[in-house]
Every structure is written in structure tokens, then in C-alpha cells.
2 protein chains.
Amino acid sequence: MLLSKSCLYGVRAAMYMATLEQSEYVTIQQISEKLNISFHFLTKILQTLTENNIMVSYRGPKGGVALAKPSKDIRLIEIVDAIDGTHIFSECIFGLPGCGNMTPCPLHGEWEREREKIRRMFSDTTLAMLADKINVFNLRISDTDSAPINAKLLKSLTITHRKRK
Amino acid sequence: MLLSKSCLYGVRAAMYMATLEQSEYVTIQQISEKLNISFHFLTKILQTLTENNIMVSYRGPKGGVALAKPSKDIRLIEIVDAIDGTHIFSECIFGLPGCGNMTPCPLHGEWEREREKIRRMFSDTTLAMLADKINVFNLRISDTDSAPINAKLLKSLTITHRKRK
DNA sequence: AGCATTTCAGACTCTTTTATCTTAAAATAA
DNA sequence: TTATTTTAAGATAAAAGAGTCTGAAATGCT
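Every chain is numbered independently, its residues counted from 1 as its sequence is written. Chain A is the first chain written and ligand 1 is the first ligand written, with later ones labelled in order. Since the coordinates come from a predicted model, pLDDT governs what is reported: local features require at least 70, and pairs of side-chain atoms require 80 or more to be given and counted, while whole-chain, interface and lining totals use all residues. Where side-chain values are given, they derive from all heavy atoms of the structure, hydrogens and water being excluded.

Looking at the interface of chain A and chain B
Between chain A and chain B, the residue contacts involve 48 residues of the former and 48 residues of the latter. Once two parts are brought into contact, the accessible area they lose, counted with a 1.4 Å probe and summed over both, makes up the buried area. Approximately 4300 Å² of surface area, both sides summed, lies buried where chain A meets chain B, with 67% of it carried by carbon and sulfur atoms. Considering only the surface of chain A that becomes buried against chain B, Phe94(A), Pro106(A) and Arg140(A) emerge as the three largest contributors, covering 17% of it. When a carboxyl oxygen of Asp or Glu lies within 4 Å of a side-chain nitrogen of Lys or Arg, that pair is called a salt bridge. Lys133(A) serves as the salt-bridge partner of Glu110(B), at 3.2 Å between the closest nitrogen and oxygen. Whenever a nitrogen or oxygen atom comes within 3.5 Å of another N or O atom, the pair is scored as a polar contact, on the condition that within protein one atom can donate a hydrogen and the other can accept it, and that pairs from neighbouring residues in sequence are kept only if both atoms are in side chains. In this structure, the connection of chain A to chain B is made through 7 residue pairs in polar contact (both at pLDDT 80 or more). A run of H or I in DSSP counts as a helix once it spans at least four residues, and a run of E counts as a strand once it spans at least two, with each numbered from the N terminus. Those elements giving two or more residues to the side of chain A that touches chain B turn out to be α1 (5-20), α5 (108-124), α6 (127-137) and α7 (151-163) of chain A. The greatest single-element share of the side of chain A that touches chain B, amounting to 8 residues, is contributed by α5(A). In terms of residue class, the side of chain A that touches chain B is built from 30 nonpolar, 8 polar and 10 charged. By definition in these notes, contact holds between two residues if any of their heavy atoms fall within 4.5 Å. Three classes are used: nonpolar for Ala, Val, Leu, Ile, Met, Phe, Trp, Tyr, Cys and Pro, charged for Asp, Glu, Lys and Arg, and polar for all others, with Gly counted as polar.

Now the structure itself:
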């Protein structure tokens, strides 16, 4: 698994909040129920995101968490970096410490290119983009509800979105 | 980490054996010392590879393990599939079960493309190719010995190898 | 002020992965 | 046969990841 479970939960929570697109606080309880994630576990994860200024939190009644910035200004890579760390995208594919341009492993160059593409995928994607897709196509974000969609329609969007870059 | 430690160790051991390119058995003891991997742990990993017909083993004096086929006929993907399983390259990036073309997650299309490229990287690479690189450029395969190389020279090889496809 | 609500902080448990240790089994050579 | 070398197999231990629980701190409401 490329991303840890904590990271996946954090991303999914952030996507959910982006789909609401409201300036009010949402309780972690609500998010955990909607996404079918353990409340206490999610609490810990979202704490990390508030520490990293991706979310803001407020205690007490009417409290909860909210995105710290408009969803169009939050990129997936910020969340991944905050929770799983930046090393994912600098690590040797064979786990060799010190693998780099000067002392490369046999697949260093190839993997460097691939992991850079993945990183770009994460940094090219904003929460707003994801939220749009989720709303327009009723895409799945939880592991419980299924959301059968118009696959052909989605494909066309995906390609368009790619070409724009 | 994309690949488990077991998988990394298995790949490194296979690469090492490919650099020797001899038809005789190599003891796991020797491999573990050369690559600085726990002997008993490596033994278990290589057992998996013999079960999957990637290596053959022989007990007793003069025994050890050997590649089951010429190194040019063994592709990296075989080792990865044998140890970490094939699910790596079919998994949803957000870990959502059932994510697919009919019920996709918001990044399904993008990730499907990337993971397919990674899989291709593994299936395009044979042990012989890796062994060649290691021998010619004295590349590192262990975490102990460092092997400073001619970076510019390597880069040219890497690009050539890419263009051939 | 007192109470209910909600995040925060830390300790704790459970599970999986990683690693080690011990003994058995197989093959070889003397 | 017997000693030796080596993989096979299983039990156990350590570390990391995933998840749970409890109490404290902050906030709003009555």
C-alpha cells in the first residue's frame, strides 16, 4: 500500500468536508459516521491535519473541524505530506539508504521518474476538483455506500481534465 | 513503502544471484552476508521464491539456491507478485473496496494509469538487465557498500533503454 | 454557575509485519 | 554409517501500524 490507512482516512475526511463546502464546523463524529471510520482514530488523524494548518478546529458545542483554506487551495499532496511524510517521494524503490544520483540502485532513474509523476498527480489535484467530481458523478468516498455511475461520462471528464494541463 | 521489506530482500537476493550468473548453487548464508540481510529471514523469503518456481534449492553440502531460469527470462514483476501478491496493482489508491470502472473513487482513472506504468516498469525489467547495469556501473545492491559511479554515463544508458520500448 | 458538547492529549490494546531462534529433515562426503 | 552442511519449518520475540479508551480542556447554552 502506497499510503498508510491514517493517510487514506485523512484524505477521505478532507474530501468529504470539501463536498459540503460550508464555512461552519463539522463534528468529527459526523464525518466518522458518514465515512465509516472509527471516531477516536479519525480524531487523532485530524489533529495532525490541524497541526499542519490544513484544518482548523473549535472545541465545545457548535464546534468541530473545518478546512483552513478554500478547498480549491488545498492540494492532496499537502495532506499526504502531513500524515505520511515527504519521504515517500524520495525513497529508493529497493529501500536502499543513500540511493541517489551519485550512488544509485539499478532502477533509480526509472523509479525517480515514476514517483515524480505520482507526486505530481497529488499536487495537481485540489480538494475542490475532487469534490466537484464527487458531486457531479456521485462518486464513492466511503467503503459502505456504492455509487454506480455513468462510466463513459466520467472517462470523458477525466481525459479533458488531463489535457488541460 | 510500495513494496514490503520481504519483497525488497527477495528482489535484492535475486539481483545478486543474477550478477554471479553461474549455474552452481549459492548458499543463503553467503547471500545474507553479502546483502546484510538476516539469514533466517532471508531463508523464509527465498522459500517463497522456490515455491513459486523462480528459484530452485538443494540441501546438503554444496547445496544452496539458484535461479530456476536464465536471468534474462526472470522479470521483476514475477518476484513482486510472488512475495507481495498481485493486489498492489489493482488496489484503489484510497483503499476503497470495490473501486473500479463502475463504482470509481474520484481518482480512480488517474491512479489506474500510474499504477499500470509502475507495473510495466517491473514487467519490462529482467534480472539480466539489472545484473548488467550492476556489473557495468558497479551499482549498489546492498545497504552497506557504497558505489560512487559515473552518473552522466548511467543517465545515457537509462535513456537509451527507455527509448527502445 | 453549572451542564452538555466537543476537541485535545496521552496511554493503552490489538494486529500485522519484521526478525530471531530452535529443531528437524535432507543430502553429501568421508 | 556418521559427521557435516544446508534448506525447511515452526515457535517465539520485537517493532510498527491500526485502533480503542479515558480524562482533561475549551466552549456555548440555559
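Some details on helix α4 (residues 76-84) of chain B
Residue and element names in this part refer to chain B. Categorising residues by exposure relies on relative accessible area from a 1.4 Å probe, with only protein chains included: less than 20% of the type maximum marks a residue as buried, more than 50% marks it as exposed, and the intermediate range marks it as partly exposed. Of all 9 residues in α4, 8 are buried, a share of seventy percent or more. Within α4, the full set of buried residues consists of Leu-76, Ile-77, Ile-79, Val-80, Asp-81, Ala-82, Ile-83 and Asp-84. The first or second residue beyond α4 is Gly-85, which carries a positive phi of 85°.

Considerations on the protein's contact with DNA strand C
Near DNA strand C there are 23 residues, and of these Ile28(A), Lys44(A), Ser57(A), Ser38(B) and Tyr58(B) occur at the shortest range. When the atoms of DNA strand C within 4 Å of the protein are sorted by group, sugar and phosphate make up 61%. One of the backbone N or O atoms of Pro61(A) is found 3.5 Å from a base oxygen in DNA strand C. Taking Arg59(B), its side chain carries an N or O atom lying 3.4 Å from a sugar or linking oxygen of DNA strand C. Think of it this way: one heavy atom of a residue within 4 Å of a molecule or strand is enough to make that residue near it.

Focus on the protein's contact with DNA strand D
Taken together, 22 residues sit near DNA strand D, with Ser38(A), Phe41(A), Lys44(A), Pro61(A) and Ile28(B) positioned nearest. Sugar plus phosphate, as a fraction of atoms of DNA strand D within 4 Å of the protein: 65%. Within the backbone of Ile28(B), a nitrogen or oxygen atom sits 2.8 Å from a phosphate oxygen of DNA strand D. Contact distances for DNA strand D include 3.0 Å between a sugar or linking oxygen and a side-chain N or O atom of Arg59(B). In terms of residue class, the surface near DNA strand D is built from 8 nonpolar, 9 polar and 5 charged.

Description of empty space enclosed by the protein
Put simply, the grid is 1 Å and covers the protein atoms alone, a cavity is a trapped set of points that fit a 1.4 Å probe, a pocket is an open set with protein on both sides within 12 Å along at least five of seven lines, and lining residues have an atom within 4 Å of a point. Grid points are joined across faces, edges and corners, and a volume is the space filled by probe spheres set on the points. Within this structure, the stated rule accounts for 4 cavities of 30 Å³ or more. By volume, the largest cavity is sized at about 100 Å³. What lines the largest cavity is simply Leu2(A), Ile88(A), Glu91(A), Cys92(A), Ile93(A), Gly95(A), Trp111(A), Met1(B), Leu2(B) and Leu3(B). Per-class residue counts for the lining of the largest cavity are 8 nonpolar, 1 polar and 1 charged. Counted as a void, the second largest cavity has a volume near 90 Å³. In terms of lining, the second largest cavity is formed by Met1(A), Leu2(A), Leu3(A), Leu2(B), Ile88(B), Glu91(B), Cys92(B), Ile93(B) and Trp111(B).

What about the relation of the copies chain A and chain B?
To go from the first copy of the chain to the second, apply a rotation about an axis and then a shift along the same axis. Each copy is superposed on the other by least squares, with the fit set by C-alpha atoms of residues at a pLDDT of at least 70 in both. Note on the identical chains: chain A maps onto chain B by a rotation of 180° and an axial translation of 0.0 Å, with an RMSD of 0.1 Å. Taken together, these values place the two copies in the relation of a two-fold axis. The rotation axis passes nearest to the C-alpha of Leu2(A) in chain A, at a distance of 2.4 Å.

Regarding the pairing of strand β1 (residues 55-58) of chain B
Whether two strands pair depends on DSSP finding at least two bridges between them. For β1(B) and strand β2 (residues 64-67) of chain B, the ladder comprises 4 bridges, and the chain directions are antiparallel. For Tyr58(B), the partnering residue across the bridge sits in β2(B) and is Gly64(B).

Some words on the side chain of Ser142(B)
Checked against the element boundaries, Ser142(B) lands in the loop between α6 (127-137) and α7 (151-163). Assessed through its relative accessible area of 0%, Ser142(B) is described here as buried. With residues near it in sequence (within four places) discarded, Ser142(B) still touches Leu96(A), Arg12(B), Lys34(B) and Leu35(B).

Read these as geometric descriptors, not functional statements.
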